[in-house]
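Letter by letter, the chains look like this.
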Amino acid sequence: MNGAATSTMNVELQALYRSHFGQLVASITRITGDIGLAEDSIQDAFLKAADKWSNEPLPDYAAGWVTTTARNGALDVMRRTTSFNNRLPDVAYLEAIERSDQDDLSHLDNPAFADDMLRLVFTCCHPALNIEAQVALCLNTVCGLTTEQIAKAFIVTDATMSQRLWRAKTKIRDAGIAYRVPEPAELEARLDSVLAVVYLIFNEGWLASSGADGLRISLTDEALRLARLIMQLLPADLETRALLGLLLIQDSRRDARFDQAGHLILLGDQDRSQWDLPAIQEGTHLIQNVFRAGHGNSRYAIMGAIACVHANAPTAKATDWNEIATLYEHLMEIDPSAVVALNHAVAIGERDGPEAGLQQVMQLAESATMQRYYLFYSTQGEFLRRLNRTKPAQQAYARAIELTANESERAFLTAQYNALE
């Protein structure tokens, strides 16, 4: 759905759209086999809902009404196509699945194979699509981001991104790419992409790339659920186990990340009594098992280990920044990206002081990625603030504010800027 269409909805309906969009796309794609048709029918259903409840609160049955309207709209379109008669048996079969809530997977006894959202993620991550198309498609279909929002993330024009999404959806439809979780022999070929997408879904929920939402719990919960399902599919896969451990530890802090007014609270200032101890214990146990199995030199394992150090420190001051800096050095060997280098610079600054941290940060100043990354400037601003270099710190914070599209993040950075006045 484009931004203009979304803006016609009231606040309640926009919230319903954000929380239900991915599941709706998944369930209707199961019926139609066509992601584009599923999205069109959902957009039409939400526009009808906006008209139906334009001047009144949403009723309790609104989500069910939108689902039924979108589903019926998709089937109406299929009935008008010349190929519909050939698909009648499939539609009848899928409708029977919905009524019974069971799937005829006689050769597979794992319920994860029948999960609609997991099917959608695996479909979007088909190797026939390049990695950029896979990521953009998942942001669009699973996270419900608009074309405009995804274009901004990829730093391309809206028209370019619209064409990329259209081509990806058309390729899935015209190539007859099956809407299903691959059978066991095919799983590993898509696993890296699928895990990356699950992590992406979690991050979009953890701090939305744009808009007023600081935290989208529907997405963080969905990412955790998908990670657990993938573990059911591949219980021996250590990278999946590491990802689940990482997500659990990250998610353990959700209740402490914002104050009652919705203002962002940094990790070091959070009330650790609000952290979810069982989630930390489960996540830590998973990460420890991964390292004991000799799989500690992988991306999610190292990121999980870093999260463990933070989560298990009794206070912010007790955090072992030397261990974190060392872990980031190992991570850079696997993922030598500017973003990882920036996180390493933060750890250096916490361990060795703001001057050392600032020197590490400024080594990244020529990176094209960093020049458009708001956290580069906010990190620079924080170290400059600690060094009492007020004017340069203000300039860095101003640039960070200009680059961020999330309102909670912008409010936090603005407060940091104003405090320097």
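Whatever comes next refers back to the structure up there.
What you see is a predicted model, and the numbers here were worked out from it, not measured in a lab. (Residues numbered from 1 in each chain as written. Predicted model: local features only at pLDDT ≥ 70, side-chain atom pairs only at ≥ 80, totals over all residues. Heavy atoms only, no water.)

## Considerations on the overall build of the protein chain
Test applied: Here a helix means four or more residues in a row that DSSP labels H or I, a strand means two or more in a row labelled E, and each is numbered from the N terminus. Here's how the labels work: a residue is buried when its accessible area is under 20% of the maximum for its type, exposed when over 50%, partly exposed in between, all with a 1.4 Å probe on protein chains only. In this description, contact between two residues means that some pair of their heavy atoms is separated by no more than 4.5 Å.
For the protein chain, the count of helices and strands is 21 helices and zero strands. In the protein chain, which comprises 421 residues, the share counted as buried stands at 50%. Residue pairs at least 24 apart in sequence account for 63% of intrachain contacts in the protein chain once pairs closer than 6 positions are excluded.

## As for the pattern of salt bridges
Test applied: One side-chain nitrogen of Lys or Arg within 4 Å of one carboxyl oxygen of Asp or Glu is enough to make a salt bridge.
Per the counting criterion, the structure on display carries 13 salt bridges. Asp352 is paired through a salt bridge with Arg351; the nearest N and O atoms lie 3.0 Å apart. Classification of Asp352 as partly exposed rests on a relative accessible area of 45%. For Arg351, a relative accessible area of 34% translates into the label partly exposed. Here Arg389 ties to Glu355 by a salt bridge, and the two come within 2.7 Å at their closest N and O atoms. Linking Arg389 in the loop between helix 19 (374-386) and helix 20 (390-403) with Glu355 in helix 17 (residues 354-362), this pair joins segments that are 34 residues apart in sequence.

## With respect to the nonpolar core
Within soluble globular proteins, side chains that are nonpolar generally end up buried alongside one another. We count it as follows: The term nonpolar core refers to a set of buried residues drawn from Ala, Val, Leu, Ile, Met, Phe, Trp, Tyr and Cys, joined through side-chain atoms within 4.5 Å.
Ranked by internal contacts, the top residues of the largest apolar core, which has 99 residues, are Val198 and Leu247. Beyond its immediate chain neighbours, meaning those up to four positions away, Leu247 contacts Val198, Tyr199, Phe202, Ala223, Leu224 and Ala227.

## Some words on helix 15 (residues 321-334)
Our working rule: By this rule the span expected of a helix is its residue count minus one, scaled by 1.5 Å. Within this analysis, the arc is defined by the directions that extend from the helix axis to the C-beta atoms. Pairs of N or O atoms are called polar contacts if they sit within 3.5 Å, as long as, within protein, a hydrogen donor faces a hydrogen acceptor (for residues adjacent in sequence, only side-chain-to-side-chain pairs).
Between its terminal C-alpha atoms helix 15 stretches 20 Å, which fits the 20 Å expected from 14 residues at 1.5 Å a residue. All of the buried residues along helix 15 are Ile324, Ala325, Leu327, Tyr328 and Leu331. Seen from one end, helix 15 has its buried residues packed into an arc of 160°, which puts them on one side. Close packing links the buried residues of helix 15 with helix 14 (299-311) and helix 16 (338-352). Of the residues that open helix 15, the one with a side-chain oxygen 3.3 Å from the backbone nitrogen of Asn322 is Asp320.

## Side note on the environment of Val66
Examined against the element boundaries, Val66 turns out to sit in helix 4 (residues 62-79). Sequence separation between Val66 and Phe46 is 20 residues; the distance between their C-alpha atoms is 6.5 Å. Setting aside residues up to four positions removed in sequence, Val66 forms contacts with Leu16, Leu24, Ala45, Phe46 and Ala49.

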